[in-house]
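This is what each chain is made of:
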Amino acid sequence: MNLNDPFARLPEAASFAVTSTTVTDGAAWAPEQLSAGVPGGRDRSPQLSWSGAPEGTRSYAVTVYDPDAPTGSGFWHWAVADIPATVTELPEGAGDDTGSGLPEGAFQLPNDARAARFLGAAPPAGHGPHRYFVVVHALDVDATGVPAEATPAFLGFTMAGHTLGRAVLTATAETPA
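Residues numbered from 1 in each chain as written. Predicted model: local features only at pLDDT ≥ 70, side-chain atom pairs only at ≥ 80, totals over all residues. Heavy atoms only, no water.

1. Thoughts on the overall build of the chain
A tally of regular secondary structure across the chain gives one helix and nine strands. Along its sequence from the N terminus, the chain presents helices and strands in the succession β-β-β-β-β-β-β-β-α-β. Oriented by its inertia axes, the alpha-carbon framework of the chain measures out at about 45 × 35 × 30 Å. The burial tally for the chain puts 49% of its 177 residues in the buried class. Considering only contacts within the chain whose residues lie at least 6 apart along the sequence, 73% involve residues at least 24 apart. Approximately 8100 Å² of the chain is accessible, and the part contributed by carbon and sulfur atoms is 54%. Charged side chains of the chain number 8 positive and 19 negative; the gap between the two group centres comes to 3 Å. (Helix = DSSP H or I, 4+ residues; strand = E, 2+ residues; numbered from the N terminus. Buried < 20%, exposed > 50% of the residue type's maximum accessible area, 1.4 Å probe, protein only. Contact = heavy atoms within 4.5 Å. Areas by Shrake-Rupley, 256 points an atom, 1.4 Å probe, with all protein chains shown as cover. Lys, Arg positive; Asp, Glu negative; His and termini not counted. Charge placed at Lys NZ, Arg CZ, Asp CG, Glu CD.)

Here it is in structure tokens:
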């Protein structure tokens with residue numbers, strides 16, 4: 001595992017709280033949040049609840065990112081844009097193929113496997129532990145303006161000037177050699 005910080009070069013943002021019934025900060029993902037290609041994995045997005053967002057928040061985005069993937073650019077597992085400011089929770093499994101648990105107006109962008117859904121963790125065997133940054137981004141716009149087929153990286157670029165706050169949980173996963 002390397003120590004790169006995915007937020008190091010982004011504008012400063014206020015911190016607020018995110019909790020989960022399915023993710024414990026700093027602990028390993030539950031089998032449900034692992035890739036279906038891993039024994040016991042189910043590609044099930046985590047339950048998330050957040051509170052204390054900065055004043056002026058008009059919408060949210062949620063991302064799950066692995067900066068430790070052996071790609072040179074990390075790996076985006078999930079990106080949801082345009083969550084209304086009145087929403088402060090996503091149920092477990094909201095990131096299925098249809099986005100069935102997402103609020104009206106919100107949408108999933110294709111992850112790095114090019115599927116518009118949550119893709120569970122599956123680090124390469126023997127590569128060591130990976131970190132998964134589960135982030136709720138509080139934004140000062142009602143909608144990001146990114147197209148549904150955009151990449152999570154483009155969403156991040158678009159959000160950079162509109163981010164008021166970030167709420168972060170970090171999960172881990174490792175596949176033995």
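Now that the structure has been shown, we can carry on.
2. Section: the layout of surface pockets
Taken as a whole, the largest pocket holds about 310 Å³ of empty space. For the lining of the largest pocket, the element with the highest residue contribution is helix α1 (residues 152-159), accounting for five residues. Partitioning the lining of the largest pocket into residue classes produces 13 nonpolar, four polar and one charged. (1 Å grid on protein atoms, 1.4 Å probe; cavity = no way out; pocket = protein on both sides within 12 Å on 5 of 7 lines; lining within 4 Å. Points joined across faces, edges and corners; volume = space filled by probe spheres on them. Nonpolar A, V, L, I, M, F, W, Y, C, P; charged D, E, K, R; others polar.)

3. Focus on α1
Along α1, the positions that sit buried rather than exposed are Pro-152, Leu-155 and Met-159. On an axial view of α1, the arc spanned by its buried residues comes to 55°, and they lie on one face. Next to the buried residues of α1 lie β4 (59-66), β5 (75-84), β8 (130-139) and β9 (163-173). (Arc of directions from axis to C-beta.)

4. Some words on the environment of His-130
With respect to the helices and strands, the residue His-130 is situated in strand β8. With relative accessibility at 0%, the residue His-130 sits in the buried group. In the structure, His-130 is positioned 122 residues away from Ala-8 in sequence and 18 Å away in space, judged by C-alpha atoms. Those residues in contact with His-130, other than ones at most four positions away along the chain, are Asp-66, Asp-68, Ala-69, Pro-70, Pro-123, Pro-124, Ala-171, Thr-172 and Ala-173. A polar atom in the side chain of His-130 sits 2.6 Å from the side chain of Asp-66. (Polar contact = N/O pair within 3.5 Å; in protein donor to acceptor, adjacent residues only side chain to side chain.)

5. Some words on the sheet that holds strand β6 (residues 89-90)
The three strands lie next to each other as β2-β3-β6, forming an open sheet whose pairing is antiparallel. If you trace the sheet from one side to the other, it starts and ends with β2 (17-19) and β6, each paired once. One ladder, built from two bridges, connects strand β3 (residues 48-51) with β6; its direction is antiparallel. Looking across to β6, one finds that Leu-48 is bridged to Leu-90. (Pairing = 2+ DSSP bridges.)

6. Structural notes on the side chain of Thr-144
Locating Thr-144 in the fold gives a position in the loop between β8 and α1. Polar side-chain contacts of Thr-144 include one of 3.4 Å to the backbone nitrogen of Val-146. Not counting chain neighbours up to four residues away, the residues in contact with Thr-144 comprise Ala-81, Asp-82, Leu-139, Leu-155, Thr-158 and Met-159.

7. Observations regarding the packing of aromatic side chains
This structure, assessed with the given rule, holds seven aromatic pairs. Aromatic side chains Phe-7 and Phe-133 sit 5.8 Å apart centroid to centroid with 85° between the ring planes, which places their arrangement in the edge-to-face category. Placement of Phe-7 in the segment before β1 (14-15) and of Phe-133 in strand β8 is noted, with a sequence separation of 126 residues between them. The burial state of Phe-7 is the same as that of Phe-133; both residues are buried. Seen from their ring centres, Phe-16 and Tyr-60 are 6.4 Å apart, and the 45° between their planes marks the pair as tilted. With a gap of 44 residues between them, Phe-16 in the loop between β1 and β2 and Tyr-60 in strand β4 connect regions that are remote in the sequence. Note on accessibility: Phe-16 and Tyr-60 belong to one class, buried. Taken together, the ring pairs connect Trp-29, Trp-78, Phe-118 and Tyr-132 into an aromatic cluster. (Phe/Tyr/Trp six-rings, centres within 6.5 Å; stacked < 30°, edge-to-face > 60°.)

Interpretation note: all reported values are geometric properties and have no functional meaning in isolation.
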